[in-house]
There are 6 protein chains.
Amino acid sequence: MHDVITFGEAMLRLSPPHFQRLEQASGFELTVGGTEFNVAVALSRLGIPTAFVSRLPENPLGRMVANKAREHGVDISHIVWTEADRLGLYFLELGASPRASSVLYDRAHSAISRIRQKDINWKRLLAGTRIFHTTGITAALSRSAAQVALKGMHTAKSLGITTSLDLNYRAKLWSEAEAQRVMSLFMPYVDVLFTTEEDTYRVFKIKGKNYAAVARKLHQRFKLKIVAITLRETPSVWHNRWTAIAFAKGTLYEDITYDLEIVDRVGSGDAFTAGFLFGLLTFDDIHKSLQFANASAALKHSIPGDLSWVTRAEVEKLLASPRSLRISR
Amino acid sequence: MHDVITFGEAMLRLSPPHFQRLEQASGFELTVGGTEFNVAVALSRLGIPTAFVSRLPENPLGRMVANKAREHGVDISHIVWTEADRLGLYFLELGASPRASSVLYDRAHSAISRIRQKDINWKRLLAGTRIFHTTGITAALSRSAAQVALKGMHTAKSLGITTSLDLNYRAKLWSEAEAQRVMSLFMPYVDVLFTTEEDTYRVFKIKGKNYAAVARKLHQRFKLKIVAITLRETPSVWHNRWTAIAFAKGTLYEDITYDLEIVDRVGSGDAFTAGFLFGLLTFDDIHKSLQFANASAALKHSIPGDLSWVTRAEVEKLLASPRSLRISR
Amino acid sequence: MHDVITFGEAMLRLSPPHFQRLEQASGFELTVGGTEFNVAVALSRLGIPTAFVSRLPENPLGRMVANKAREHGVDISHIVWTEADRLGLYFLELGASPRASSVLYDRAHSAISRIRQKDINWKRLLAGTRIFHTTGITAALSRSAAQVALKGMHTAKSLGITTSLDLNYRAKLWSEAEAQRVMSLFMPYVDVLFTTEEDTYRVFKIKGKNYAAVARKLHQRFKLKIVAITLRETPSVWHNRWTAIAFAKGTLYEDITYDLEIVDRVGSGDAFTAGFLFGLLTFDDIHKSLQFANASAALKHSIPGDLSWVTRAEVEKLLASPRSLRISR
Amino acid sequence: MHDVITFGEAMLRLSPPHFQRLEQASGFELTVGGTEFNVAVALSRLGIPTAFVSRLPENPLGRMVANKAREHGVDISHIVWTEADRLGLYFLELGASPRASSVLYDRAHSAISRIRQKDINWKRLLAGTRIFHTTGITAALSRSAAQVALKGMHTAKSLGITTSLDLNYRAKLWSEAEAQRVMSLFMPYVDVLFTTEEDTYRVFKIKGKNYAAVARKLHQRFKLKIVAITLRETPSVWHNRWTAIAFAKGTLYEDITYDLEIVDRVGSGDAFTAGFLFGLLTFDDIHKSLQFANASAALKHSIPGDLSWVTRAEVEKLLASPRSLRISR
Amino acid sequence: MHDVITFGEAMLRLSPPHFQRLEQASGFELTVGGTEFNVAVALSRLGIPTAFVSRLPENPLGRMVANKAREHGVDISHIVWTEADRLGLYFLELGASPRASSVLYDRAHSAISRIRQKDINWKRLLAGTRIFHTTGITAALSRSAAQVALKGMHTAKSLGITTSLDLNYRAKLWSEAEAQRVMSLFMPYVDVLFTTEEDTYRVFKIKGKNYAAVARKLHQRFKLKIVAITLRETPSVWHNRWTAIAFAKGTLYEDITYDLEIVDRVGSGDAFTAGFLFGLLTFDDIHKSLQFANASAALKHSIPGDLSWVTRAEVEKLLASPRSLRISR
Amino acid sequence: MHDVITFGEAMLRLSPPHFQRLEQASGFELTVGGTEFNVAVALSRLGIPTAFVSRLPENPLGRMVANKAREHGVDISHIVWTEADRLGLYFLELGASPRASSVLYDRAHSAISRIRQKDINWKRLLAGTRIFHTTGITAALSRSAAQVALKGMHTAKSLGITTSLDLNYRAKLWSEAEAQRVMSLFMPYVDVLFTTEEDTYRVFKIKGKNYAAVARKLHQRFKLKIVAITLRETPSVWHNRWTAIAFAKGTLYEDITYDLEIVDRVGSGDAFTAGFLFGLLTFDDIHKSLQFANASAALKHSIPGDLSWVTRAEVEKLLASPRSLRISR
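Keep in mind that this is a model prediction, so the values were computed, not measured.

Draft legend 1. Expanded view of the overall build of chain A. Looking only at helices and strands, chain A has 11 helices and 15 strands in total. Taken against the 2.2 N^0.38 rule, which gives 20 Å for 329 residues, the C-alpha radius of gyration of chain A at 19 Å falls within 12% of a compact globule. For chain A, the C-alpha atoms occupy an extent of roughly 50 × 50 × 40 Å along the three principal directions. For chain A, long-range pairs separated by at least 24 residues make up 69% of all intrachain contacts whose partners lie at least 6 apart in sequence.

Okay, here's the thing in structure tokens:
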């Protein structure tokens with residue numbers, strides 16, 4: 001019924017307007033986000049039937065998360081609801097050079113962090129799915145969240161479903177040592193890995209003379225089908241450059257670099273992941289998938305909130321003329 | 001150095017604008033509140049040197065709470081700071097008849113709920129203070145918060161400091177049975193009790209044919225110096241009526257009833273408490289204290305946020321002409 | 001697959017904040033609404049699988065309408081998309097006595113007004129549905145919209161599906177004479193009629209010494225199964241009173257009257273309709289349906305926007321204690 | 001060229017949103033107002049060619065005032081511009097019972113307060129005008145503003161132009177004694193006086209057993225052609241009642257009383273004045289003028305800002321059915 | 001009475017805040033704009049008596065357009081009012097690289113698109129005017145709008161009034177072929193043409209090795225008095241470079257290039273046009289006109305909304321020191 | 001009791017949102033600022049006990065200023081309160097290239113401008129203080145403000161307290177000649193001077209072949225202990241470069257240059273001053289003080305409002321890795 005299932009946390013995101021510091025805020029803009037949630041939304045918007053699996057509190061905030069998923073067509077029928085526990089939150093401060101943007105998590109004790117194996121029957125849930133996706137963030141939330149995610153990966157793998165993992169190291173959630181220990185448990189089951197050079201080094205201590213070398217090492221060490229490495233340069237907070245590579249079956253795929261004006265960079269990696277998985281399902285062509293993913297990620301930077309409010313047609317229009325900045329009228 | 005010390009929790013308060021339901025919000029108005037915090041702010045604004053004692057996380061949100069206390073002149077030098085734990089939050093939905101306003105707490109696991117006896121040296125802290133105030137909410141937060149509050153009450157009593165307690169039963173925090181068990185531990189040390197008929201019944205199962213009878217029973221059962229009972233009628237969500245009585249040494253004190261248009265009723269009980277304690281410290285006259293407290297509470301209903309942004313002069317102006325609604329220009 | 005299908009228009013609703021006149025606005029609050037859309041959303045929120053059928057332009061505004069339906073779980077898979085035509089809009093001015101609220105329609109030439117019979121295969125679409133609902137507004141939009149709606153009613157009736165019509169006369173859309181001519185074509189196929197005394201008179205020139213008499217006459221003239229008449233008193237713009245009656249098989253059903261503080265009265269009739277249809281599907285009890293519908297409508301008045309952001313549990317809580325206005329905390 | 005000329009001050013009005021106290025504001029809503037400015041705008045909106053005469057600083061704030069006059073069609077070609085001096089401001093706090101709304105003036109040293117006789121050639125400016133209007137506020141601003149206003153009154157009178165004065169006593173601008181001294185200089189030249197019972201007593205110590213008696217006394221003492229007395233009852237801050245009487249040539253004219261929900265009562269007296277002067281110029285009928293004025297004032301209370309954003313058709317619609325509060329759609 | 005008359009459409013412009021996509025908006029910022037409206041406003045602000053001629057619906061939105069014209073001193077007495085038809089709207093999405101800004105028009109069926117020859121007596125209206133200005137957008141609105149505009153051009157030309165046309169090709173309104181056919185009818189009557197290289201090619205298929213060559217070709221083909229070509233480079237959405245050239249009587253005029261930070265580029269071409277026409281009327285010097293026009297256009301990019309909220313003094317200050325970016329205090 | 005005392009004016013700052021021109025504003029964002037106020041706040045935030053001395057009106061606006069100082073821990077017990085006089089205001093327009101930001105002062109007749117020598121007992125107030133700081137702005141406000149400031153400088157010097165002056169020339173407040181005359185009276189008492197090359201030339205006509213030469217000349221002419229010169233390059237309004245030098249005892253100290261994205265540059269000089277004074281008090285090392293000051297100033301540019309909402313830890317983090325712009329999560 002779904003082509004993709006993503007599993008993880010979705011949070012309220014509270015952000016003061018106009019580059020205010022958190023400490024000076026008198027109000028927050030409210031959106032919903034979370035890496036696997038973002039991937040699910042972006043895939044659904046691109047036309048891929050997708051379900052988001054999580055555990056949410058049965059209260060207005062939990063319902064808001066589910067509503068926002070549904071708004072974009074994401075299936076929420078497998079969400080686990082609870083009367084106990086809270087919804088995770090995160091506070092986002094948008095910066096300007098030389099002050100980087102910054103996140104303050106308030107996600108401890110969230111409903112998803114207390115999920116248990118018995119809450120989800122992965123075998124039944126994954127039947128008929130083509131891709132299962134989760135990330136290192138879910139693994140970092142709690143021991144039980146990691147166990148449930150791992151079970152999902154394992155089950156998917158055993159069912160012949162493509163498994164996808166975004167390494168997504170978060171220093172505010174766990175140490176590098178913990179990440180290495182836990183993520184190493186996931187790697188045997190991963191088909192497609194999304195990562196960055198920095199995260200690769202912090203979690204696996206893998207380094208290379210360039211990103212191609214890093215990709216190759218990851219590929220070899222973990223027997224991956226595909227490795228995608230995203231590359232962000234940050235000449236300033238408001239101006240970034242973005243590209244990514246993919247490595248599969250001995251071939252390195254590259255793409256152009258996008259010059260970006262940053263409205264909101266949170267969720268751009270997720271837009272990349274969604275674009276890439278969309279490509280795999282749609283084109284069955286790694287280079288095209290990479291190109292689509294990069295265009296999708298590039299557009300995301302221009303949109304406030306975690307979510308990638310674009311259409312397939314808009315991504316394709318950018319791919320067709322990536323340097324056209326004329327007003328459309 | 002301080003005339004009053006209050007002890008308890010302060011939270012971020014997040015409220016959607018314009019009577020929106022939480023579930024439909026796209027932004028929150030942000031203020032800071034909490035019953036003992038509100039009392040401290042109101043007392044300080046009335047000119048009483050006051051300290052607020054709590055435990056706060058050392059992050060922008062914790063600093064915001066301290067800032068907002070300082071903004072009104074409250075002493076924060078005794079706050080206990082921690083690198084761990086979170087700041088409590090609450091979400092407030094403002095209603096309209098027949099939909100009552102509603103609070104969604106997200107205060108579990110807050111820094112104050114994890115305070116320990118060793119964090120506060122009450123004896124040293126209370127030296128020179130005239131009144132110590134806390135509430136049933138602090139007692140409801142956690143076993144350790146209750147213990148620290150109780151130690152504060154006990155210490156204050158033993159030092160000859162006037163002790164003040166607002167019963168403040170919160171059904172979303174604990175059961176009536178738990179409240180009865182814990183609050184009964186506090187009552188032997190209480191000099192001044194603030195309560196309502198409903199809370200009195202829910203916590204102590206004390207009922208009377210009218211509020212005077214309830215006050216008398218409380219007075220007798222717990223050997224209180226003063227009992228103040230606030231009385232709110234709610235013909236509608238936007239229109240309330242307010243008065244209160246006080247009972248001391250066998251005498252019942254009454255006051256006029258205020259017709260209120262409700263901008264924000266949260267914190268009005270705290271404005272009453274602060275007004276009353278201000279009166280005790282300033283007039284040494286229970287009837288005057290009651291009148292000042294009622295006027296203070298009445299004004300609070302017209303002000304957004306938990307805090308009572310009034311001056312002593314404004315309360316006195318209302319006392320002088322409680323029915324004058326002409327625009328002042 | 002759906003228990004209910006509603007057919008009609010959804011519009012962007014643009015409303016200046018804080019009781020501003022349209023002419024003085026410098027910004028608009030944006031929501032989505034339309035009578036059949038509102039009914040679909042409310043039913044879906046109450047747990048009834050519901051589809052909304054309409055014709056929408058394939059552009060960001062059309063997508064927004066579909067998103068907002070999905071957000072509440074409404075099925076949008078039968079919406080007819082078009083590259084041509086526009087989305088209807090309406091501008092809403094919120095008033096204060098003695099200035100009534102006012103609507104400025106900008107819905108001419110909308111996509112739905114240009115729908116054609118061939119756009120919808122009612123027979124296939126209605127298969128398995130329990131209730132089909134449309135309103136006099138759809139009939140007023142254009143000749144072709146009326147024809148498609150009528151075909152839907154006729155088809156539903158012939159399939160043994162319960163047909164529901166809200167008379168909903170809008171003087172800004174058509175004359176009383178036109179309304180009478182067109183709506184008379186619908187009446188032979190109607191099972192459940194929602195109306196008011198005023199609309200009944202304006203469209204059908206039916207009057208009675210009281211609303212019961214009006215209900216009885218409607219019942220007889222049009223061989224209806226159920227007539228529901230809503231009754232609003234408007235002592236002021238910000239304070240209304242609401243109740244409704246239902247008449248079925250010779251029996252008149254009545255309910256209590258709700259005192260309402262008006263945040264936004266638009267859509268309250270739709271909340272009534274949804275509540276009533278929910279009741280029919282759930283309780284199979286007309287009195288209970290009426291009570292549920294009234295409570296649902298009463299709550300709607302307290303919520304900004306056209307939509308009824310409530311849960312079934314909240315309606316039931318109001319039914320259990322319709323006069324409780326205490327803050328919930 | 002103009003039928004009416006008004007002379008006085010226009011200010012920026014800064015008001016915190018949502019009933020905030022000034023002291024807690026983090027932003028202001030900005031509008032422009034001032035009694036004679038408001039009258040000019042309302043008259044122009046009703047179709048009367050009107051000029052506003054004042055002295056403004058040549059800076060963005062001064063230009064904003066002129067723009068806002070022009071926006072409503074008011075002629076600004078006689079405004080005196082200056083490179084020196086400032087624009088007056090006022091801060092408005094909107095209240096809720098029992099807290100009355102309140103104004104904090106910051107209008108000292110304004111450009112208009114420093115106007116001089118030589119700045120205005122009243123004789124040339126008034127040629128061809130039918131009504132000249134000013135108020136006690138202008139007289140209160142400064143000695144020179146009073147002199148220029150008085151010269152205007154005197155000149156108008158000598159040219160046979162109808163002179164109109166709103167007594168408008170402002171306790172925050174001058175004492176009752178000062179007001180009496182200065183306003184007594186104006187009264188010999190006044191044809192039409194607008195006032196309230198309270199202002200009449202405070203300025204002239206004239207009292208009567210009812211408002212008719214007050215009107216009669218004013219009429220006699222000052223040889224007025226017309227006296228209009230507005231009557232506001234304030235059962236609460238959000239709910240007022242309004243009516244007014246007029247007295248002319250021995251006849252007392254009365255009208256219905258309007259129940260008002262208060263969005264913003266500032267400027268409602270000016271809407272009355274404009275409605276009355278409009279009536280005099282249009283109907284030449286005092287009773288009709290009074291009725292039009294009251295309906296105009298009643299509507300103003302529902303509109304944010306000082307200005308009366310209504311049309312003649314809207315006032316006439318209210319006159320035709322003053323109790324109709326149904327939503328118009 | 002007016003030095004300039006412009007003829008065309010003005011619309012409500014609705015724009016979501018903070019770079020939001022339309023689809024995600026929950027509110028719109030509201031301004032008024034339209035190319036000929038913008039030119040009229042900018043000219044009036046620069047001190048040129050200017051009238052805007054259009055057809056508007058007699059409702060609050062139509063009045064808002066007229067008000068906004070008057071706010072800047074534009075004469076609106078020749079606007080044609082109608083009880084039928086709607087006001088055109090446009091939705092504007094502000095972008096960030098690589099997402100260009102985008103316009104969604106909702107202007108079909110607008111009042112101006114249904115204007116008829118008999119609605120305007122150009123001969124009477126144009127008497128005494130020095131410049132008549134319209135654009136290719138008006139010609140694109142409808143056959144009748146094009147006819148009325150053409151009649152205006154023709155009449156102006158025959159009266160010896162300078163005629164001005166901005167080619168302004170809009171791909172969302174018509175095809176290049178249609179544009180070529182209709183605009184060719186206008187060209188014989190044009191004295192001053194404003195265009196870009198791109199529009200020139202799209203409409204007339206005229207190309208040159210550089211803009212000077214294009215100008216020369218236009219000049220020759222259409223016997224123009226003056227051709228002005230604006231030149232925008234778009235290294236990014238937030239950073240543009242702007243200059244323009246003019247060609248007249250065989251002479252090419254050039255100017256410096258401005259580096260622009262883009263707050264809102266909509267209307268900058270209109271600010272150029274207004275600046276140029278202002279120059280022609282004021283300096284009678286094409287080079288000075290070009291310089292003034294460029295400075296005016298450069299400033300417009302820094303101002304939200306379609307309109308050029310600048311003064312002549314501010315343009316002259318920029319001309320005097322075009323590279324001074326120090327804060328002025 | 002305080003380590004630092006600053007003396008000067010604090011104003012309401014009113015700024016239209018989103019780069020609006022003042023003339024087009026419909027609302028203002030409200031903050032509080034003023035150079036010596038900003039320095040006091042920044043020092044207090046860095047942990048230095050600091051008092052702000054000024055004269056404020058006893059009204060809600062004056063209280064707001066005091067509140068905002070207290071919010072950051074600044075001691076306000078020496079503020080002189082008055083029932084007369086007004087609070088100064090300033091209006092700030094934020095620009096975009098080529099439109100520079102601009103300030104419109106409305107600070108004439110402010111309470112501080114009317115301060116008198118007898119209002120402040122400098123000798124008592126300064127006892128125990130380590131640094132006294134004021135600026136050329138205070139000297140520019142009025143003759144009496146200059147006198148009181150000068151008396152403060154003189155007294156501090158005589159008490160052996162370090163005296164600090166920011167030259168801060170403001171062309172909108174006084175002429176260069178006036179500034180030279182008055183500031184020359186201050187210079188004999190100054191230990192630490194903060195200035196720019198431009199201000200140095202405008203006030204003292206001192207020029208040099210580079211900033212080091214300017215520093216040396218200032219040092220010699222005025223026998224200063226330390227001169228700090230800040231250096232801003234403005235390639236565009238939204239992108240600046242910042243560094244500063246210090247000169248003391250014959251040594252020139254330099255630092256890196258920061259690339260800045262400008263959210264709000266107002267107050268950045270004050271953040272520099274505070275950082276430098278903090279350094280002097282904390283490190284007793286001029287180079288470290290300079291580095292800390294520059295990092296502090298750099299961060300300030302990214303924060304809306306006059307105030308430097310940073311912590312010492314954040315400044316130190318920037319010093320540790322001044323080029324790290326990765327999002328922190």
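Draft legend 2. Spatial organisation of the packing of helix H10 (residues 286-300) of chain A against helix H11 (residues 312-320) of chain A. All names here are of chain A. Put simply, H10 and H11 touch, their axes get as near as 9 Å, and they point 105 degrees apart. One way to sum up the angle between H10 and H11 is to call them roughly perpendicular. Of H11, the residues touching H10 (which contributes Gln291, Phe292, Ala295, Ser296, Ala298 and Leu299) are Glu314, Val315, Leu318 and Leu319.

Draft legend 3. Region of the structure containing the sheet that holds strand S3 (residues 27-33) of chain B. Strand order across the open sheet formed by 8 strands is S8(A)-S7(A)-S2(A)-S3(A)-S3(B)-S2(B)-S7(B)-S8(B), with mixed pairing between neighbours. In the strand order of this sheet, the two ends are held by strand S8 (102-106) of chain A together with strand S8 (102-106) of chain B, each with one partner. Between one strand axis and the next, the sheet turns by 30 degrees as a mean value, whatever way the strands run. Where strand S2 (residues 11-15) of chain B lies against S3(B), 5 bridges are found, and the strand directions are antiparallel. Bridge pairing in S3(B) places Arg13(B) opposite Thr31(B).

Draft legend 4. Looking closely at the sheet that holds strand S8 (residues 102-106) of chain D. In space, the 8 strands of this open sheet follow the order S8(D)-S7(D)-S2(D)-S3(D)-S3(F)-S2(F)-S7(F)-S8(F), with mixed pairing throughout. Since the sheet does not close on itself, it has two edges, and those belong to S8 of chain D together with strand S8 (102-106) of chain F, each with one partner. On average, each strand axis in the sheet is tilted by 30 degrees relative to the strand beside it, whichever way the strands run. Sheet analysis places strand S7 (residues 89-93) of chain D next to S8(D), joined by 5 bridges and oriented antiparallel.

Draft legend 5. Structural view of the relation of the copies chain A and chain F. In the superposition of chain A on chain F (RMSD 0.0 Å, axial shift 0.0 Å), the rotation amounts to 120 degrees. Taken together, the rotation and translation describe the operation of a three-fold axis. Closest approach to the rotation axis among the C-alpha atoms of chain A is made by His18(A), whose C-alpha sits 5.1 Å away.

Draft legend 6. How the structure looks around the interface of chain C and chain D. Listed by partner, the interface residues are 22 residues for chain C and 19 residues for chain D. Of the residues assigned to the side of chain C that touches chain D, the class counts are 7 nonpolar, 9 polar and 6 charged.

Draft legend 7. Representation of the environment of Ala145(F) within the structure. All names here are of chain F. As for its placement among the helices and strands, Ala145 is situated in helix H5 (residues 143-158). With 90 residues separating them in the primary sequence, Ala145 and Arg55 have C-alpha atoms 10.0 Å apart. Ignoring anything within four residues of it in the chain, the contact list for Ala145 reads Ile112, Ser113, Ile115 and Thr138.

Draft legend 8. The arrangement of the interface of chain A and chain F in detail. On the side of chain F, 19 residues touch chain A, which itself brings 22 residues to the contact. Residue composition of the side of chain A that touches chain F, by class: 7 nonpolar, 9 polar and 6 charged.

Draft legend 9. How the structure looks around unusual backbone geometry. Residues Ser97(C) and Pro98(C) are joined by a peptide bond in cis, for which omega reads 5 degrees. At His109(A), a residue that is not glycine, the phi angle is positive and equals roughly 65 degrees. Counting through the fold element by element, His109(A) comes out in the loop between S8 and helix H3 (122-126). Even without being glycine, Asp284(C) reaches a positive phi, approximately 50 degrees. Note on placement: Asp284(C) falls in the loop between helix H9 (268-282) and helix H10 (286-300).

Draft legend 10. Quick look at the environment of Asn210(A). By the element assignment, Asn210(A) lies in the loop between helix H7 (197-204) and helix H8 (211-222). For Asn210(A) and Glu197(A), which are 13 residues apart along the polypeptide, the C-alpha to C-alpha distance reads 8.7 Å.

Draft legend 11. How the structure looks around the nonpolar core. Counting 683 residues, the largest nonpolar core has Leu43(A), Leu43(B), Val227(B), Leu43(C), Leu43(D), Leu43(E) and Leu43(F) as the members making the most contacts within it. Filtering out sequence-adjacent residues up to four positions away, Leu43(E) remains in contact with Val4(E), Ile48(E), Thr50(E), Ala274(E), Leu277(E) and Phe278(E).

Draft legend 12. Just helix H8 (residues 211-222) of chain D, in detail. Residue and element names in this part refer to chain D. Over its 12 residues, H8 extends 16 Å from the first C-alpha to the last, a length consistent with the 16 Å expected when each residue adds 1.5 Å. Among all positions in H8, only Tyr211, Val214, Ala215 and Leu218 are buried. Looking straight down H8, one finds its buried side chains confined to an arc of 100 degrees; they lie on one side. In this structure, the buried residues of H8 make contact with strand S11 (192-195), helix H7 (197-204), strand S12 (226-233), strand S13 (239-248) and strand S14 (251-253). Directly after H8, the chain includes Lys223, whose backbone phi takes a positive value near 55 degrees.

Draft legend 13. Expanded view of helix H9 (residues 268-282) of chain F. All names here are of chain F. Between its first and last C-alpha atoms H9 spans 21 Å; for 15 residues at 1.5 Å apiece the expected length is 21 Å, and the two agree. Judged by how many residues are buried, H9 sits mostly within the fold: 13 of 15 residues are covered. Looking one or two places after H9, you find Asp284, whose phi comes out positive at around 50 degrees.

Draft legend 14. Looking closely at the packing of helix H9 (residues 268-282) of chain A against H10(A). Residues and elements named next belong to chain A. Packing of H9 against H10 leaves a shortest axis separation of 7 Å and a crossing angle of 150 degrees. Taken together, the axis directions place H9 and H10 in an arrangement best described as roughly antiparallel. Helix-helix and strand crossings are classified by hand; for H9 and H10 the assignment is right-handed. Side by side, H9 and H10 meet where Ser268, Ala271, Phe272, Ala274, Gly275, Phe276, Phe278, Gly279 and Leu280 of the first sit next to Lys288, Ser289, Leu290, Phe292, Ala293, Asn294, Ser296, Ala297 and Lys300 of the second. Broken down by class, the residue content of the contact of H9 with H10 amounts to 10 nonpolar, 6 polar and 2 charged.

Cut-offs used in this document
Residues numbered from 1 in each chain as written. Chains lettered and ligands numbered in written order. Predicted model: local features only at pLDDT ≥ 70, side-chain atom pairs only at ≥ 80, totals over all residues. Helix = DSSP H or I, 4+ residues; strand = E, 2+ residues; numbered from the N terminus. Rg over C-alpha atoms; globule rule 2.2 N^0.38 Å. Contact = placed C-beta atoms within 7 Å. Axes fitted to C-alpha atoms, helices over the stretch in contact; angles between N-to-C directions. Parallel < 35°, antiparallel > 145°, perpendicular 65-115°, else oblique. Pairing = 2+ DSSP bridges. Least-squares fit on C-alpha atoms with pLDDT ≥ 70 in both. Nonpolar A, V, L, I, M, F, W, Y, C, P; charged D, E, K, R; others polar. Core = buried A, V, L, I, M, F, W, Y, C linked by C-beta atoms within 7 Å. Buried ≥ 20, exposed ≤ 12 C-beta atoms within 10 Å, placed from the backbone. Expected span 1.5 Å × (residues − 1). Arc of directions from axis to C-beta. Left-handed = near helix turned anticlockwise from the far one by under 90°.

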